[in-house]
Amino acid sequence: MRVTRRAALGLALVTPALAQEDWPNRPIRLIVAFAAGGAADTAARTVGQKLGDLLGQTVVIENRTGGNAVIAANATLQSPKDGYTFLVDAANQLTNPPLMKDLGFDYRTAFIPVSQFCQFPQVIAVKRDFPARTIAEFIAIAKDRPNAISYGTPPAAGMGHLAGEVFQKRAGIRLIHTPYRGGADAARDIAAGVVDAVLITTSSIRPPVQAGQARVLAVTSPQRVPTLPDVPTLAESGFPGYDMNDWNGVFAAAGTPSPIIDRLAAAIAKATADASVRQRMDAAGAIMVGNSPAEFAAWLAAQRIVCEQVIREAGITLG
């Protein structure tokens, strides 16, 4: 049967629409920019499993580490923009542009925010024999010993590092920064007494705290954390408005059909609200979000301004 040019054009216009309506009809791939076993990986696997149930397709987690999360970003951008490959990323979306030259792409135009999975409150904790038991005492000691107290964060220019710089500026103190590859490495060293303090997530600090090898002085979130109900926030400790959580979320490569992005965001909202998902992620110290693409984009825009300002004023580099 011969197909006329007009009919062929009609089929070309209809086929993408039908593909979007049929989405998903095969496994969805989440490229995670971080190593297996970490906070972002745990969130991706926990939420991804529920997404698979909701969407009726397997969600495959693929960890692509390296290059300060640029390897995962490039892998996503080089994949077909058909709604079957998405990126799970974090603050690198905001911090890489002012820190890295010749990226080859612009995060703001190359990616479309889909939804934030969760936020991870961070803590300021000290080794067990450090004399301070409150933030006020910690600041007093730091003022008496400028550039003598060490603190570790994962990694250089990560949210812990930025949070530490904001804290130092507002407290009027100077500490020695030690970057780590991950939160587990920083937790290991504070347990061994290698560093005086750390600024890491609540989930990372749990093992040394439970072993009596570290004490948490404050959390960086606006509200207290359910897993650490007796620990005050920095906002309560003399720093009103302080809010520097770590986080992760899902991004689509620009060109991914909008209806697919909206459907995935709606599924993420349901998955992050699921009781079983929340129970598991609560244990990891996470605050589940599941916002809309527009809400996520607005949040990112505000955070980008904060991150770029801190990096510029503190002279933070990746080196």
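Everything quoted here is computed from the prediction, not taken from an experiment.

**Observations regarding the sheet that holds strand β3 (residues 85–89)**
Within a sheet, each strand pairs with its neighbour through backbone hydrogen bonds, oriented either parallel or antiparallel.
Line of reasoning, step 1. On the basis of which strands lie adjacent, the open sheet formed by six strands has the order β2-β1-β3-β10-β4-β11 and mixed pairing. Lying at the two open borders of the sheet, with one neighbouring strand each, are β2 (59–63) and β11 (287–288).
Line of reasoning, step 2. Judged from the eight bridges that link them, strand β4 (residues 111–120) and strand β10 (residues 246–253) form a sheet pairing that is antiparallel. Of the residues in β10, the one forming a bridge with Q119 is W247.

**Here's the deal with the sheet that holds strand β6 (residues 150–153)**
Line of reasoning, step 1. In space, the five strands of this open sheet follow the order β7-β6-β8-β5-β9, with mixed pairing throughout. A single partner strand is all that each edge strand has here, and the edge strands are β7 (176–179) and β9 (214–219). Adjacent strand axes in the sheet meet at a mean angle of 30° when their direction is disregarded.
Line of reasoning, step 2. Here β6 runs beside strand β8 (residues 197–201); their pairing, made up of two bridges, is parallel.

**A word on helix α2 (residues 39–55)**
Line of reasoning, step 1. Compared with the 24 Å implied by 1.5 Å per residue over 17 residues, the 24 Å span of α2 between its first and last C-alpha is a close match.
Line of reasoning, step 2. For α2, every residue scored as buried is listed here: A40, D41, A43, A44, T46, V47, G48, L51, G52 and L55.
Line of reasoning, step 3. Just downstream of α2, G56 is the residue with a positive phi angle, here 75°.

**What about unusual backbone geometry?**
The phi torsion of most residues other than glycine is negative, and most of the peptide bonds are trans.
Line of reasoning, step 1. Omega for the bond connecting W23 with P24 falls within 30 degrees of zero, at -5°, which places this linkage in the cis form.
Line of reasoning, step 2. For P24, the location among the structural elements is in the loop between α1 (5–21) and β1 (28–32).
Line of reasoning, step 3. The residue after P154, namely P155, is reached through a cis peptide bond having omega -20°.
Line of reasoning, step 4. Relative to the helices and strands, P155 resides in the loop between β6 and α7 (159–171).
Line of reasoning, step 5. A positive phi is found at A69, a non-glycine position, where the angle reads about 75°.

**Overview of the pairing of β3**
Line of reasoning, step 1. Counting buried positions along β3 gives five out of five residues, so the element sits mostly inside the fold.
Line of reasoning, step 2. Going residue by residue along β3, you find T85, L87 and D89 tucked away on one face and F86 and V88 tucked away on the opposite face as well.
Line of reasoning, step 3. Here β1 runs beside β3; their pairing, made up of four bridges, is parallel. Opposite I31, over in β3, you have L87 as the bridge partner.
Line of reasoning, step 4. In the sheet, β3 pairs with β10 via three bridges, with the strands oriented antiparallel. Its bridge partner being in β10, D89 is matched across the sheet by G249.

**Observations regarding the pairing of β2**
For a regular strand, side chains alternate in direction, first toward one face of the sheet and then toward the other.
Line of reasoning, step 1. Sheet topology note: the β1/β2 ladder contains five bridges and is parallel. Along β2, the bridge assignment pairs L30 with I61.
Line of reasoning, step 2. In terms of handedness, the path from β1 via α2 over to β2 forms a crossover that is right-handed.

**Some details on the pattern of salt bridges**
Line of reasoning, step 1. This model, assessed by the stated rule, comprises 12 salt bridges.
Line of reasoning, step 2. In this structure, E62 and R29 form a salt bridge, with 3.0 Å as the shortest nitrogen-oxygen distance. Residue E62 is located in strand β2, and its partner R29 is located in strand β1; the two are separated by 33 residues in the primary sequence.
Line of reasoning, step 3. For E62, a relative accessible area of 21% translates into the label partly exposed.

Each value, and the rule that gives it
Residues numbered from 1 in each chain as written. Predicted model: local features only at pLDDT ≥ 70, side-chain atom pairs only at ≥ 80, totals over all residues. Heavy atoms only, no water. Pairing = 2+ DSSP bridges. Helix = DSSP H or I, 4+ residues; strand = E, 2+ residues; numbered from the N terminus. Axes fitted to C-alpha atoms, helices over the stretch in contact; angles between N-to-C directions. Expected span 1.5 Å × (residues − 1). Buried < 20%, exposed > 50% of the residue type's maximum accessible area, 1.4 Å probe, protein only. Right-handed = clockwise from strand over helix to strand, strands pointing away. Salt bridge = Lys/Arg side-chain N within 4 Å of Asp/Glu carboxyl O.

These results come straight from atomic positions and should not be treated as a statement about function.
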